[in-house]
8 protein chains.
Amino acid sequence: MDSSKIRKILESVKSGNLNVDNAFKNLKHLPYEDLSFAKIDHHRDIRQGIPEVIFAEGKKVEDVICIAKSIFKRSKKLLITKASREIYDGLKIKNAFFHPLSGVISAGEEKKKKGHILLLSAGTSDIPIAEEAAVTASFLGSRVETIYDVGVAGIHRLMDTRKSIDSARVIIVVAGMEGALPSVVGGLTDKPIIAVPTSTGYGTSLNGLTALFAMLNSCVPGIAVMNIDNGFGAGCLAHKINSL
Amino acid sequence: MDSSKIRKILESVKSGNLNVDNAFKNLKHLPYEDLSFAKIDHHRDIRQGIPEVIFAEGKKVEDVICIAKSIFKRSKKLLITKASREIYDGLKIKNAFFHPLSGVISAGEEKKKKGHILLLSAGTSDIPIAEEAAVTASFLGSRVETIYDVGVAGIHRLMDTRKSIDSARVIIVVAGMEGALPSVVGGLTDKPIIAVPTSTGYGTSLNGLTALFAMLNSCVPGIAVMNIDNGFGAGCLAHKINSL
Amino acid sequence: MDSSKIRKILESVKSGNLNVDNAFKNLKHLPYEDLSFAKIDHHRDIRQGIPEVIFAEGKKVEDVICIAKSIFKRSKKLLITKASREIYDGLKIKNAFFHPLSGVISAGEEKKKKGHILLLSAGTSDIPIAEEAAVTASFLGSRVETIYDVGVAGIHRLMDTRKSIDSARVIIVVAGMEGALPSVVGGLTDKPIIAVPTSTGYGTSLNGLTALFAMLNSCVPGIAVMNIDNGFGAGCLAHKINSL
Amino acid sequence: MDSSKIRKILESVKSGNLNVDNAFKNLKHLPYEDLSFAKIDHHRDIRQGIPEVIFAEGKKVEDVICIAKSIFKRSKKLLITKASREIYDGLKIKNAFFHPLSGVISAGEEKKKKGHILLLSAGTSDIPIAEEAAVTASFLGSRVETIYDVGVAGIHRLMDTRKSIDSARVIIVVAGMEGALPSVVGGLTDKPIIAVPTSTGYGTSLNGLTALFAMLNSCVPGIAVMNIDNGFGAGCLAHKINSL
Amino acid sequence: MDSSKIRKILESVKSGNLNVDNAFKNLKHLPYEDLSFAKIDHHRDIRQGIPEVIFAEGKKVEDVICIAKSIFKRSKKLLITKASREIYDGLKIKNAFFHPLSGVISAGEEKKKKGHILLLSAGTSDIPIAEEAAVTASFLGSRVETIYDVGVAGIHRLMDTRKSIDSARVIIVVAGMEGALPSVVGGLTDKPIIAVPTSTGYGTSLNGLTALFAMLNSCVPGIAVMNIDNGFGAGCLAHKINSL
Amino acid sequence: MDSSKIRKILESVKSGNLNVDNAFKNLKHLPYEDLSFAKIDHHRDIRQGIPEVIFAEGKKVEDVICIAKSIFKRSKKLLITKASREIYDGLKIKNAFFHPLSGVISAGEEKKKKGHILLLSAGTSDIPIAEEAAVTASFLGSRVETIYDVGVAGIHRLMDTRKSIDSARVIIVVAGMEGALPSVVGGLTDKPIIAVPTSTGYGTSLNGLTALFAMLNSCVPGIAVMNIDNGFGAGCLAHKINSL
Amino acid sequence: MDSSKIRKILESVKSGNLNVDNAFKNLKHLPYEDLSFAKIDHHRDIRQGIPEVIFAEGKKVEDVICIAKSIFKRSKKLLITKASREIYDGLKIKNAFFHPLSGVISAGEEKKKKGHILLLSAGTSDIPIAEEAAVTASFLGSRVETIYDVGVAGIHRLMDTRKSIDSARVIIVVAGMEGALPSVVGGLTDKPIIAVPTSTGYGTSLNGLTALFAMLNSCVPGIAVMNIDNGFGAGCLAHKINSL
Amino acid sequence: MDSSKIRKILESVKSGNLNVDNAFKNLKHLPYEDLSFAKIDHHRDIRQGIPEVIFAEGKKVEDVICIAKSIFKRSKKLLITKASREIYDGLKIKNAFFHPLSGVISAGEEKKKKGHILLLSAGTSDIPIAEEAAVTASFLGSRVETIYDVGVAGIHRLMDTRKSIDSARVIIVVAGMEGALPSVVGGLTDKPIIAVPTSTGYGTSLNGLTALFAMLNSCVPGIAVMNIDNGFGAGCLAHKINSL
């Protein structure tokens, strides 16, 4: 709906190349498909740089499958997060993959990988969310390197990742509990850092709120934070930045 | 402290070009200055891409001035956020500027501006935080365009910013109250978006927590969020991304 | 217990048409039935415009059935929310319906529909709550139009609903996550808007508190908000307004 | 931007009555005025039924006055909430009024009052918020009746308001502390009720959150709730409903 | 350990009626039994007026049974709250009762009932907690009258309880959701009122916190509040007051 | 409005001793005085056992004085809490007292004191709230004994109060910080205990919420809790219990 | 990586005893083992005084077993907390023990016990957490004495522990609900006290937050607090202090 | 009140060396002084290892001075925290010191310093709380070393403190914002660590709650946490541990 398009349509009407009815349809036609319970937004990829992705948690298996098939049919691309093997089995889409660590289903992954996203995670319990981010960014076409279990209790582990930190374009840091890893990493580099708090922990971890707030309060300037357990969002953003 | 440097120092020791004491100093020397109450980190610029910046709120005026002078003397660069005119007057640094809307003091601003950061803000009350982000990113060397008062209650205002959105490399969106603007902007573009919640509002705005949480829950994938009122951090991150 | 009734009773006592005992009973008699564990309020419909409705969640199946039968017997009307098919099967009331999407059971629905309530929902996960509102308002006698999956991430989807927005008398907007839809809709219309936050989301959605607070902080004046997931209440209020 | 308008413009282009440049301007022209720090939305009245209103709290006095003058000049209407006498004195607009109880400034109030909004408040401390609602609704053109200090601790006081309750079209109930008044009023009437929690109270009143949550949890179906202390919003919504 | 006892023991030592070792034992002997995992406090009844009561929730069935048997053996009295039929079946104590509505097990209930405690509850979902209070107070020896389902949405139901309110010595009011009932009852009587919030409700009922806070903020002076769902505590306190 | 009164009025109408108009007035007449901004409830004393008391905090000085004079004129009794000396000076009521520790103003205090209320407070900072409770209960006619600064950090101090604990009818325990005192006192006595949390403390005392929650969770059964800093309410309740 | 080590390595390079490559490896070699999903930190024992311990909750059984075997193989020591018998059965490590009360698995426990840690717990429900602390401290080599069920409701029970309190070097106090025990114990001794809040309780116990906050607000100076239910951490710290 | 003392008193009574009245007094005498508004606990030093310390915040200046003088007169020791110079000036105690950074007043400080407490703080804003801890521990007789401004954003600064870390017996770590420093320090040492969160920060620092929760969730085992801004408590505990 940007102005150049409107201008072109108007020019075409003016010149008689386009009649009013068709011009109207062009202006009004919105590229989504109506499944009655879900409007699938087939042009989102063009608009937002990310195809319509299905968040499976809390949705009915049959609904997820129905939406997924419609999306895949049109775009030959598919990404489902927080999914189960049951959904995967019901999909019956050739070349679709189920990533068990993260519960992501993907099909039509971008083959050519570009740039370099580094993904660091603090503990073994943070791996599912880290994997969700890694699978997402890779699916969209970014080269992703993952290094897990480098929390602040053993700073020496982190030091070994120095070379990877230096060569990355963007860094995703996934951590639960006290959420301190992004600050320490941020103190070592001038790369953009995306911090993802996880719900790992108990008691006053408050299901990830403590890690989230700690990351938002980082004493290192310029760390951006995602919602708790939102590996998918971090993967999207890192890919967008990596694509610049 | 990266491995190539250590190797070089070791080689020099081996070759006799460097004696043990000096090698030790080289390995150990840390480039910060000790003011007893504050260790100024003069090499942060190299390490993190952002010079040591002073957050003035809650600090004594005389302490801020003392730290500021030490930083400026070494680096010829200075950035103080949440500052007052009283601090500015006490500094007596030639070519330092006081930005009254945001309360930022700057000196030694990068003259050459590159890239394009777009800064959108929702209401007039969000301008101080938006300005803090703009001044910061500009100081660091990014070209910044600001468009204010384009909140979701008047979607048509936002539509006029379309061209700016399309030409920007990174977009900062500043909003208080219900914090809905980043979602709407995010639906229109594939650029990385940095959302900054402000403490604007009353009652259940909870001093910005509501805007923060709304932004973290955006239905648009890939929006990163900063701490409440943290315009400075957004400016840093946007500049880092813009510099890629 | 309004004054005209009291006056009439007093006049009848005066005139001898009513003896003291009966007058007393008239003044004291309260139109509810005592099931020992539940006082059913058969006159609520007259008083509040809404018949006594059963909120089934957390109640025992047999208790719900017992209360439901007593209500239906007297009023030939029945509405049960957050119900299960098990309750429906146990009811054995002819012409009762089970609405599976919303978990509502209804019987004696008002046949004549009047006015026009528009119901917009942001995502597919919000449909159960939206349906609860729609079924409720329709049951009470309002004409209801529903348009689902028109969230702010795809503003263009919302634009297609313009005609419906313009012709409605009241608009219910159901949304979870960042709860931004009511603000955007509110910017487009002068109709009363009832916003219903849902518990859709994760992490800092805080089971719907974030959507609730965002809606309460809407920058558009005059949006009223219901409790989280309270589709029933929204349906009642919309019907009351639609009936003016 | 609705479809009939687009069609008309297209027809005019087709017929040659409108050239492309002007058609483009027509499609693009947005009726707001740019004061650089605030975009005043002069057509909001048409679009949302409420003129652009200024929320003065937290804004600079000179900014409020500047915005206010611009609004008044174009629309001859003005409403400023949470204002001070200092702003009023600076405005120098003839026929503007300062309402000291509520801190509202108004000019160009709708003379003809229609319908009937009843405003009930629980305690004397709730009066400023109640007055803000009353002044707002009256300004917009609704007839408003106010009855104050009828809290639930003295149910008999409330009973005297029965006649007003019965004749009103909409009822606004303002209460702080335990926020119980809307439930009791709601048990007595079938009119739409708008509940406004106030920050009156101490300790666990949590600055109005307790009243807010209590109102959202009312056992009476169909009570809508506004943000804490948001008398203005309640006045707008009540007027919209009253205008149906 | 009160001073008169110490004096007596000292006198006995002085007079030679008690030797030092026995005096020491007397001073030191504490009347509890050590089950290694639980110290049963057999003299609590004398000290606090309430026998040692077992809170079964979260304890292992076999532990509850073991503690219960030890208590019953010594005191011939037994009260277990939040219990299950499984515990009851395992106890095999003759004359023990299982109260299914409240999940209380009792044995050795005080036969003689005295005074008058009135127990009012707002909705049918509040009955389990109300019953817990009623069973407890009755067990301890108070006469208890219960009237259920008299919430504020139907003030007329409450009016019928007037006579009971007037004749009671203490009133327990149990309510969930907005927790408004204690305020309304408190406006009608000069009796001490004990308010018990329940976790009935959803969304912003916050598992009973809203009802709790509303009750603590009651505009009626002198209402005391118990923990959420703490019917047992209310029963104890009401009995203590009723016993004065 | 109790049934015997209604019966009597009806009998009088029947017998002709009362005409319909007067009967109506009798039924309807409510004993409050309308000051327009405050309805003073002169019969509250009869109904609730507590005269209408003014909570001065957040009210305008002149309003407090106006309400106070109206109340005193009719009832010759006056109690104002959270008051200032400025209010006291403006009142000019002979025989009124200002209690500086608690900020209470009283006039017409009950001369005859009966029963025995014991008031214990944990720290010196809790004294203002404790005094508010003491002054209130004494004003209403209870004999009050106060013992201050007997917190749990020095259990031995508390032991000295044993005799007072044994002779009291009701015990008020005022404590801030961790709010542990009521539990320890409750372990020593079978008297009803009213716990008042204060906002004393810092950090995680959360302005009294921690003390409040600790008291609600007391492991001693039958402790009732008031709102934070609500000494007045505790005094009322203790007096009601003491009066049984 | 301390300076003396670096010096030694540099001296060896200088003297030719160490070539550059080996020196580099020495400086860089970090003593952890990479299992790809978990970096086991075999030298943590030396660095932090506590071996790498596995927190089993939320981890997959097979992952826990795999990590456990790797740790045990190298260090002949093993501690797993929040474990299940299923993990224990899968481990098949001779001389490993499963502590059912606390869910701890241990192997290679320190045989020689030194010092004296006293562990007090308030209620029977707090025993699992208390046992976790006791098993941990004992495993690390501290002599631990445990006394359970000495809550503040029966202060006399606590008095019997006086001798143990006097002879201990460190005291761990475990309590849920109102968390008052640490304050009372702290009032009796000059020993360091470590307080552990448990999630025991309901309603406003807020899953242990109330006990946590109460302990942090203790009126006794010098009580340190652990995370909710963190018996393991308390055991570690008590052992570190006991080892001084 | 320990058993040996009781035995001795009983023996003396037996032997006639002590008459009953004096024995009673001995058993009952509690070593505190009653100032009516404050019971000063002169023996606390013996019992708890810490003299009675005055927390001045929120207390009246004259009360603080009166209590302080009474304490100093008896014990020749004095410690007042969160004090002002105004209090200091009013005290007129020779050899009393006012520590302006921390607002502590001390007199009778222990001259002999023993052991070694290391105090690390993250930022310059944390210094007042760090100083309060340092002054307290030093006052009690511990040798204290302080190193400030070694936050995690510059890990290299921390590395220089290695030698101090290794030689300390106890380490206090003071940090605000994300509170990450204790975890990083804890990863480097086996010494007991006491973490003190400060209220430094803004937005989601939530006045120190975020730092507090982050510290409680540290991935390093055995870090104990104090209340927000409780430097005094940390000083006490560190001294107790240092004294072992």
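Residues numbered from 1 in each chain as written. Chains lettered and ligands numbered in written order. Predicted model: local features only at pLDDT ≥ 70, side-chain atom pairs only at ≥ 80, totals over all residues. Heavy atoms only, no water.

Caption draft 1: Quick look at the pattern of salt bridges. Taken as a whole and judged by the stated rule, the model has 24 salt bridges over all chains. Linking Lys-113 of chain D and Glu-109 of chain D is a salt bridge whose minimum nitrogen-to-oxygen distance equals 2.6 Å. Judged by relative accessible area, Glu-109 of chain D falls into the partly exposed class, the value being 27%. Ionic pairing is found between Lys-82 of chain H and Glu-132 of chain H, a salt bridge with its closest N-O pair at 3.1 Å. Taken together, the positions of Lys-82 of chain H in the loop between strand S4 (78-81) and helix H5 (85-91) and Glu-132 of chain H in helix H6 (residues 127-140) put the pair 50 residues apart, joining distant regions of the chain. Assessed through its relative accessible area of 2%, Glu-132 of chain H is described here as buried. (Salt bridge = Lys/Arg side-chain N within 4 Å of Asp/Glu carboxyl O. Buried < 20%, exposed > 50% of the residue type's maximum accessible area, 1.4 Å probe, protein only. Helix = DSSP H or I, 4+ residues; strand = E, 2+ residues; numbered from the N terminus.)

Caption draft 2: Broad picture of the sheet that holds strand S6 (residues 104-107) of chain H. Residues and elements named next belong to chain H. Read from one edge of the open sheet, four strands run S3-S4-S6-S5, paired in mixed fashion. In the strand order of this sheet, the two ends are held by strand S3 (54-55) and strand S5 (97-99), each with one partner. Note: S4 against S6, three bridges, orientation antiparallel. Each bridged residue has a counterpart across the sheet, and for Leu-78 the counterpart in S6 is Ala-107. (Pairing = 2+ DSSP bridges.)

Caption draft 3: Fine view of the relation of the copies chain B and chain A. When chain B is fitted to chain A, the residual RMSD is 0.1 Å, and the transformation amounts to a turn of 180 degrees plus an axial shift of 0.0 Å. Seen this way, the second copy is the image of the first under a two-fold rotation axis. Both copies share a contact surface, since 97% of the interface residues of chain B are interface residues in chain A too. (Least-squares fit on C-alpha atoms with pLDDT ≥ 70 in both. Contact = heavy atoms within 4.5 Å.)

Caption draft 4: Up close: unusual backbone geometry. Unusually for a residue other than glycine, Asp-149 of chain B sits at a positive phi of about 65 degrees. Residue position: Asp-149 of chain B is located in the loop between strand S8 (142-147) and helix H7 (155-159).

Caption draft 5: Geometry of the pairing of strand S8 (residues 142-147) of chain H. Residue and element names in this part refer to chain H. Here strand S7 (residues 114-121) pairs with S8 via five bridges, running parallel. Counterpart to Leu-120 in the pairing with S8 is Ile-147. For the crossover that starts at S7, traverses H6 and ends in the parallel S8, the hand is right-handed. (Right-handed = clockwise from strand over helix to strand, strands pointing away.)

Caption draft 6: Structural context of the packing of helix H6 (residues 127-140) of chain B against helix H11 (residues 231-242) of chain B. Residues and elements named next belong to chain B. Running from amino to carboxyl end, H6 crosses H11 at an angle of 35 degrees, the nearest separation of the two axes being 7 Å. With respect to the hand of their crossing, H6 and H11 are arranged in right-handed fashion. Facing Ile-129, Glu-132, Ala-133, Thr-136, Ala-137 and Leu-140 of H6, the residues of H11 in contact are Gly-231, Phe-232, Ala-234, Gly-235, Cys-236 and His-239. Partitioning the contact of H6 with H11 into residue classes produces seven nonpolar, four polar and one charged. (Axes fitted to C-alpha atoms, helices over the stretch in contact; angles between N-to-C directions. Left-handed = near helix turned anticlockwise from the far one by under 90°. Nonpolar A, V, L, I, M, F, W, Y, C, P; charged D, E, K, R; others polar.)

Caption draft 7: Highlighting the packing of aromatic side chains. All chains considered together, the criterion is met by 20 aromatic pairs over all chains. For the ring pair Tyr-202 of chain D and Phe-55 of chain F, a centre distance of 5.1 Å and an interplane angle of 15 degrees mean the geometry is stacked. Linking Tyr-202 of chain D in the loop between strand S10 (193-197) and helix H10 (209-216) with Phe-55 of chain F in strand S3 (residues 54-55), this pair reaches from one chain into another. Owing to a relative accessible area of 17%, Tyr-202 of chain D belongs among the buried residues under this scheme. Its relative accessible area of 24% is what places Phe-55 of chain F among the partly exposed residues. Relative to Phe-213 of chain H, the ring of Phe-213 of chain G lies with its centre 6.1 Å away and its plane at 15 degrees, an arrangement referred to as stacked. Placement of Phe-213 of chain G in helix H10 (residues 209-216) and of Phe-213 of chain H in helix H10 (residues 209-216) is noted, with the two residues assigned to different chains. The exposure class assigned to Phe-213 of chain H is buried, which follows from its relative accessible area of 8%. The residue whose ring lies beneath Lys-82 of chain A is Tyr-202 of chain C, and the NZ or CZ to ring-centre distance is 5.7 Å. (Phe/Tyr/Trp six-rings, centres within 6.5 Å; stacked < 30°, edge-to-face > 60°. Lys NZ or Arg CZ within 6 Å of the ring centre and 35° of its normal.)

Caption draft 8: Representation of helix H11 (residues 231-242) of chain G in the model. All names here are of chain G. Counted at 1.5 Å a residue, the expected span for H11 with its twelve residues is 16 Å, and the 16 Å between its end C-alpha atoms agrees. Judged by how many residues are buried, H11 sits mostly within the fold: twelve of twelve residues are covered. Taken together, the buried positions of H11 are occupied by Gly-231, Phe-232, Gly-233, Ala-234, Gly-235, Cys-236, Leu-237, Ala-238, His-239, Lys-240, Ile-241 and Asn-242. (Expected span 1.5 Å × (residues − 1).)

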